[in-house]
Amino acid sequence: MSRPEILLAGAYPEWDMIDLETNYVVHKLYEAADRDAFIKEIGGNVRAIATRGELGASAELMTSLPRLEVVSVYGVGTDAVNLAHARDNGIRVTNTPDVLSDDVADLAIGLLLSAARLIPRGDAIVRSGQWGKAAMPLVTRVSGKRVGVVGMGRIGQAIARRAAGFDCEIRYFSRNPQPQLSYVHEADLIALASWAEFLVVIVPGGDATKNIINAEILKALGPDGILVNVSRGSTVDEAALIEALQKRTIKAAGLDVFYNEPDIDELFLTLDNVVLQPHHGSGTVETRKAMGQLVRDNLAAHFAGQPLPTPVV
Ligand code: 8YV
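Now for a description of the structure that goes with this document. (Residues numbered from 1 in each chain as written. Predicted model: local features only at pLDDT ≥ 70, side-chain atom pairs only at ≥ 80, totals over all residues. Heavy atoms only, no water.)

## Notes on the overall build of the protein
And step 1. Each helix and strand counted, the protein has 11 helices and 12 strands in total.
And step 2. Relative to the compact-globule value of 20 Å for 313 residues, the protein shows a C-alpha radius of gyration of 21 Å, a close match.
And step 3. Along the first, second and third principal axes, the C-alpha set of the protein runs to 65 × 50 × 30 Å.
And step 4. Across the 313 residues in the protein, those meeting the buried criterion constitute 50%.
And step 5. Sequence-distant contacts, at least 24 apart, represent 57% of the contacts inside the protein between residues at least 6 apart.
And step 6. As displayed, the protein offers around 15200 Å² of accessible surface, 51% of which is attributable to carbon and sulfur atoms.
And step 7. If the 30 positive side-chain charges of the protein are averaged to one point and the 38 negative ones to another, these points end up 4 Å apart. (Helix = DSSP H or I, 4+ residues; strand = E, 2+ residues; numbered from the N terminus. Rg over C-alpha atoms; globule rule 2.2 N^0.38 Å. Buried < 20%, exposed > 50% of the residue type's maximum accessible area, 1.4 Å probe, protein only. Contact = heavy atoms within 4.5 Å. Areas by Shrake-Rupley, 256 points an atom, 1.4 Å probe, with all protein chains shown as cover. Lys, Arg positive; Asp, Glu negative; His and termini not counted. Charge placed at Lys NZ, Arg CZ, Asp CG, Glu CD.)

Laid out in structure tokens, this is it:
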């Protein structure tokens with residue numbers, strides 16, 4: 001039987017490529033010099049897209065592939081996939097939930113510790129031979145503080161468990177309150193930000209959460225507050241955040257995600273009270289192997305006519 005043809009929207013690790021190229025004819029969109037011409041040439045045969053969380057699949061891309069059956073996302077977030085278009089056109093969509101929750105939560109805590117304890121600043125002082133010459137400022141304690149978690153899905157819960165391990169008090173804001181959890185649900189995001197010393201954002205991206213962290217929320221968080229974002233850049237009003245960091249109306253931020261990745265607002269680079277990461281919450285070998293496996297399992301199940309392991313649509 002001939003191998004199904006798939007479109008790879010972005011690069012995958014070597015270990016996934018070996019398997020994908022054995023089982024499919026793989027067309028690499030990201031290597032095409034002229035994407036339109038490339039799609040015109042191969043698009044008629046493509047039955048699946050393998051993409052990544054931040055790349056997704058637009059309605060335009062899906063429309064240009066008339067035999068498209070399934071979009072498999074290497075990531076949990078599907079905000080960059082036009083789900084309505086997929087639904088309307090009978091195109092299945094899968095993602096990689098659960099396997100990345102622990103790593104994203106670990107990075108959220110890492111960013112919180114880095115921003116509060118000024119770990120990058122301390123490293124720079126030691127590395128540059130300034131120890132004993134440049135003053136390392138006294139920093140902010142994390143243990144025992146009040147942590148507001150914005151979004152209490154699987155990753156939010158993993159973040160809350162970790163923060164509880166630091167003896168922090170936890171409250172959360174969520175569209176879907178989780179009565180089985182012992183944390184206090186706060187229906188008003190401004191009230192949560194006023195209460196919290198640290199605010200950690202982990203809601204899904206998309207229109208419903210666009211700029212939910214705005215100037216008003218940052219004002220409520222206040223001059224001793226620290227913001228951590230491991231969700232999507234779109235959830236935070238970046239102009240408001242940059243202004244709050246510049247004017248120190250919040251203390252600091254730790255960010256893994258940005259509005260325009262990877263070409264982020266250069267003003268972030270001028271600030272000494274923000275810790276920056278290149279969207280790498282799920283970027284451990286262990287988790288990326290599990291994510292790749294799940295992408296491949298979903299594709300294999302689809303082409304074998306089996307139930308999809310992790311369907312979204
Ligand atoms: C990315 C993510 O998919 O899970 C998500 O939604 O954003 C990430 O895990 C990752 O950057 C791989 O491209």
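Back to the write-up after that little detour.
## Regarding the sheet that holds strand β5 (residues 92-94)
And step 1. Ordered by their spatial adjacency, five strands build an open sheet running β2-β1-β3-β4-β5, and the pairing between neighbours is parallel. In this open sheet, the two strands that pair with only one neighbour each are β2 (25-28) and β5. Sheet twist, expressed as the average angle between the axes of neighbouring strands with direction ignored, equals 20°.
And step 2. Summarising the sheet, strand β1 (residues 5-8) and strand β3 (residues 46-52) pair through four bridges and their orientation is parallel. Paired with Leu7 across the two strands is Ile49, which belongs to β3.
And step 3. On top of the sheet, helix α11 (residues 285-303) reaches β1, β3, β4 (70-74) and β5; it is set at about 170° to β4, its chief contact. (Pairing = 2+ DSSP bridges. Axes fitted to C-alpha atoms, helices over the stretch in contact; angles between N-to-C directions.)

## Focus on the site of the ligand
And step 1. The environment of the ligand is formed by 13 residues, the closest being Val76, Gly77, Arg232, His279 and Ser282.
And step 2. The contact in question runs from an oxygen atom of the ligand to an N or O atom on the backbone of Val76, over 2.7 Å.
And step 3. Gly77 has a polar backbone atom sitting 2.8 Å from an oxygen atom of the ligand.
And step 4. Across the shell around the ligand, the residue classes break down as four nonpolar, five polar and four charged. (Near = heavy atom within 4 Å. Polar contact = N/O pair within 3.5 Å; in protein donor to acceptor, adjacent residues only side chain to side chain. Nonpolar A, V, L, I, M, F, W, Y, C, P; charged D, E, K, R; others polar.)

## Quick notes on the packing of helix α5 (residues 101-117) against helix α7 (residues 154-165)
How two helices pack is summed up by the angle between their axes together with the distance between the axes.
And step 1. At their nearest, the axes of α5 and α7 sit 8 Å apart, and the two run at 50° to each other. With respect to α7, the axis of α5 lies oblique. Judged by the twist between their axes, the crossing of α5 over α7 is right-handed. Listed contacts from α7 to Ser101, Asp102, Val104, Ala105, Asp106, Ala108 and Ile109 of α5 are Arg154, Ile155, Ala158, Ile159, Arg161, Arg162 and Ala163.
And step 2. For the contact of α5 with α7, the residue count by class is eight nonpolar, one polar and five charged. (Parallel < 35°, antiparallel > 145°, perpendicular 65-115°, else oblique. Left-handed = near helix turned anticlockwise from the far one by under 90°.)

## Here's the deal with the side chain of His302
And step 1. Position of His302 among the secondary structure elements: in helix α11.
And step 2. Overall, the relative accessible area of 18% leaves His302 in the buried class.
And step 3. For His302, the side chain forms a polar contact with the side chain of Glu69, separated by 2.7 Å.
And step 4. Discounting residues that sit within four places of it in the chain, His302 has contacts with Glu69, Val70 and Leu308.

## Some words on the nonpolar core
In a soluble, globular protein the nonpolar side chains are often hidden away together inside.
And step 1. The biggest cluster of nonpolar side chains holds 45 residues, and the ones touching the most others in it are Tyr12, Leu20, Val147, Ile159, Val230 and Leu299.
And step 2. No other element matches α5, which puts eight residues into this core.
And step 3. Both domain 1 (5-97 + 286-303) and domain 2 (101-276) contribute no fewer than three residues apiece to this core.
And step 4. Those residues within four positions of Ile159 in sequence are excluded, and the remaining contacts are Ala105, Ala108, Ile109, Val200, Ile202 and Val230.
And step 5. One finds Val203, Ala244, Ile264 and Phe268 within the second-largest nonpolar core, a separate group that totals 30 residues. (Core = buried A, V, L, I, M, F, W, Y, C linked by side-chain atoms within 4.5 Å. Domains from an automatic or database assignment.)

## Looking at the environment of Pro307
And step 1. For Pro307, the position within the fold is in the segment after α11.
And step 2. Remark: the alpha-carbon pair of Pro307 and Glu31, spanning 276 residues in sequence, is separated by 32 Å.

So far we have only geometry, and geometry alone does not tell us how the molecule works.
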